[in-house]
Each structure stands twice: as C-alpha cells, then as structure tokens.
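# Reading the structure
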Amino acid sequence: MSRPYRPCTPATRMYSGLRTRPDGLRDSTTVLLRRRPDPLGDRELGRVGKRWHQLNEPFTMNDHVGPDSGPCTLVVPGEQPIVCSAPHAVHHGRHGSVKLNDANTGGLALALAEHLGGTAIALRRGGLEFGDPNHDHEHPLKDAAAPHVGPGVVFLDLHGMADREHDVVIGIGATPTARSFHLAERFANAAVRNGIAA
C-alpha cells in the first residue's frame, strides 16, 4: 500500500548525525525519507514570486489600464507546449462599460511561463476600446494566441474570482480528453498537498 504524499518540511528532509533513541541512548544515523522531487522548492518559489511582482508592473500603469501606447496584447513566446494566458490583466470593456481587471494575473502569467519555458499571453492595454478577449467573438488576443495553441498544448487561462470555498477552480474545456482529466487531477492533487482548496 502506498503512503499519501506529504510536502517535505525541514523536519522531514534527509537527516544525518546523532540522534537520541527512545531508550535515551545516542547513536549515529542517516534518515532518508522517500518523497517526490519538488520542482518548485521554497527558494525557487520565492524567485518566481519576486518575478511575478516585477513583471506585473506594466499592467498597473494608468490605474490598471496599462501603457498608453503599443499593442493591446503581449506575447512572449516559449519553447515548451504550455501557454499561460491573462486575458483580464488590465481593466477591459464589456457591453459598453469597463470591467475591473483580474488583479495580478498579467505578472503571474509572465512569471509562470518564464519558469516553465512556455508562452505568455496577456491583455496589456485595456479600457473600452480594447474589449474583452473572453467575451468578444473576435479579439486581437485570440489572434495572437492562435499560433501557440493546439493539440498537445496545455493552456492555463488565469482569472481572478470572488471569495469562494475553493482557492482554485480548474476548468477542462468543452471537449475534455482523458489527458485533460488526468492533468486537471494532478493540478488539483498538487494544490491540495500544498494547502490550496481546489
């Protein structure tokens, strides 16, 4: 019977040296606890978090509408078959009114894509004139994303949400495959192992 995975803490890492046994005697020991490798350890997580905040700065310009000039979309191509998207990184228009941005998702998409070697796509200029990539049938962000998506590509579409009982909601699309279900289950299990309600 396999044991459930527990995140590694400093107390459960490999330990070499003297220990005190239950009978009070001291002896030399090495404890090797079998665990899965952590691709995003504390140090690396701190680096990704720092990059997240650095990369989010342009999306906060002009009260979260983004820069005054340049294209409304930002695409940073990567080598791996993963796309991190932030379609609401800035305030955007829907039905003739401005909707608030999904806070900090632009920087998160860029930082995750950078860490994973994937492609980042975000709405970098907002307001009424640039619409809503998830609502509008045609949108420049969709055009920019098209060359980077297709079979075998993981697409992470990052959104904010109101407070709910879950921290993360994992959508698998309108026509999920067995691989989509498997990947969503792996994401959910990783979230739960790390104290995130998914």
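Residues numbered from 1 in each chain as written. Predicted model: local features only at pLDDT ≥ 70, side-chain atom pairs only at ≥ 80, totals over all residues. Heavy atoms only, no water.

## Structural notes on a nonpolar patch on the surface
Together, Val168, Ile170, Phe187 and Ile196 make up a nonpolar patch on the protein surface, roughly 270 Å² of accessible area in all. Within the element layout of this structure, isoleucine 170 appears in the loop between strand 8 (154–157) and helix 4 (178–193). (Patch = residues over 30% accessible without salt bridge, like charges linked within 9 Å, V, L, I, M, F, W, Y side chains within 5 Å. Areas by Shrake-Rupley, 256 points an atom, 1.4 Å probe, with all protein chains shown as cover. Salt bridge = Lys/Arg side-chain N within 4 Å of Asp/Glu carboxyl O. Helix = DSSP H or I, 4+ residues; strand = E, 2+ residues; numbered from the N terminus.)

## Remarks on helix 4
Taking 1.5 Å per residue as the helical rise, helix 4 with its 16 residues ought to reach 22 Å, and the 22 Å between its terminal C-alpha atoms agrees with that figure. Count one or two residues on from helix 4 and you reach glycine 195, which has phi positive near 80°. (Expected span 1.5 Å × (residues − 1).)

## Quick word on the pairing of strand 4 (residues 82–86)
For strand 4, a buried count of 5 out of 5 residues is recorded, marking the element as mostly surrounded by other parts of the structure. Of the two faces of strand 4, both are covered, the one formed by Ile82, Cys84 and Ala86 as well as the one formed by Val83 and Ser85. Pairing of strand 4 with strand 8 involves 4 bridges; the strand directions are parallel. For isoleucine 82, the partnering residue across the bridge sits in strand 8 and is valine 154. Looking at chain direction, strand 4 and strand 7 (residues 119–123) are connected through 4 bridges and run parallel. If you follow serine 85 over to strand 7, its bridge partner there is isoleucine 121. (Buried < 20%, exposed > 50% of the residue type's maximum accessible area, 1.4 Å probe, protein only. Pairing = 2+ DSSP bridges.)

## Notes on the sheet that holds strand 4
One open sheet holds the 4 strands; their spatial order is 3-7-4-8, and the pairing between them is mixed. What marks the edges here is a single partner per strand, and that holds for strand 3 (73–76) and strand 8. On average, adjacent strands in this sheet sit at an angle of 15° to one another, irrespective of strand direction. Sheet contacts for helix 2 (residues 105–116): strand 3, strand 4 and strand 7; angle to strand 4, the most-contacted strand, approximately 170°. (Axes fitted to C-alpha atoms, helices over the stretch in contact; angles between N-to-C directions. Contact = heavy atoms within 4.5 Å.)

## Re the pattern of salt bridges
Summed over the entire model, instances satisfying the criterion amount to 2 salt bridges. One salt bridge connects arginine 51 with glutamate 114, and the closest N-O pair in it is separated by 2.8 Å. One end of the pair, arginine 51, is in helix 1 (residues 42–64); the other, glutamate 114, is in helix 2, and 63 residues separate them in sequence. For arginine 51, a relative accessible area of 25% puts it in the partly exposed group. With a closest N to O distance of 2.6 Å, aspartate 132 and arginine 94 form a salt bridge. With aspartate 132 in the loop between strand 7 and helix 3 (140–145) and arginine 94 in strand 5 (residues 92–94), this pair connects stretches of sequence that are 38 residues apart. On the basis of relative accessibility, which here comes to 0%, the residue aspartate 132 falls in the buried class.

## Digging into the environment of glycine 131
When you line up the elements, glycine 131 lands in the loop between strand 7 and helix 3. The class for glycine 131 is buried, based on a relative accessible area of 9%. Along the backbone, glycine 131 and arginine 94 are 37 residues apart, and their C-alpha atoms lie at a distance of 5.9 Å. Residues contacting glycine 131, with those up to four places away along its chain left out, are His92, Gly93, Leu123, Asp136 and His139.

## Structural notes on the confidence of the model for the protein chain
Of the residues in the protein chain, 79% have a pLDDT of 70 or more, and the chain-wide mean is 80. Across the protein chain, the secondary-structure element scoring lowest on mean pLDDT is strand 2 (residues 26–31), at 44, and the one scoring highest is strand 7, at 97. Within the model, the stretch residues 1–19 combines pLDDT values under 50 with 29 contacts to residues more than four positions away or in other chains. Segment residues 27–37 is flagged for pLDDT under 50; beyond a separation of four residues in sequence, or across chains, it makes 22 contacts in the model. (pLDDT = per-residue confidence, 0-100.)

## Considering helix 2
Compared with the 16 Å implied by 1.5 Å per residue over 12 residues, the 16 Å span of helix 2 between its first and last C-alpha is a close match. The set of residues buried in helix 2 consists of Thr105, Gly106, Gly107, Ala109, Leu110, Ala111 and Ala113. Positive backbone phi, at 80°, marks glycine 117, one or two positions downstream of helix 2.

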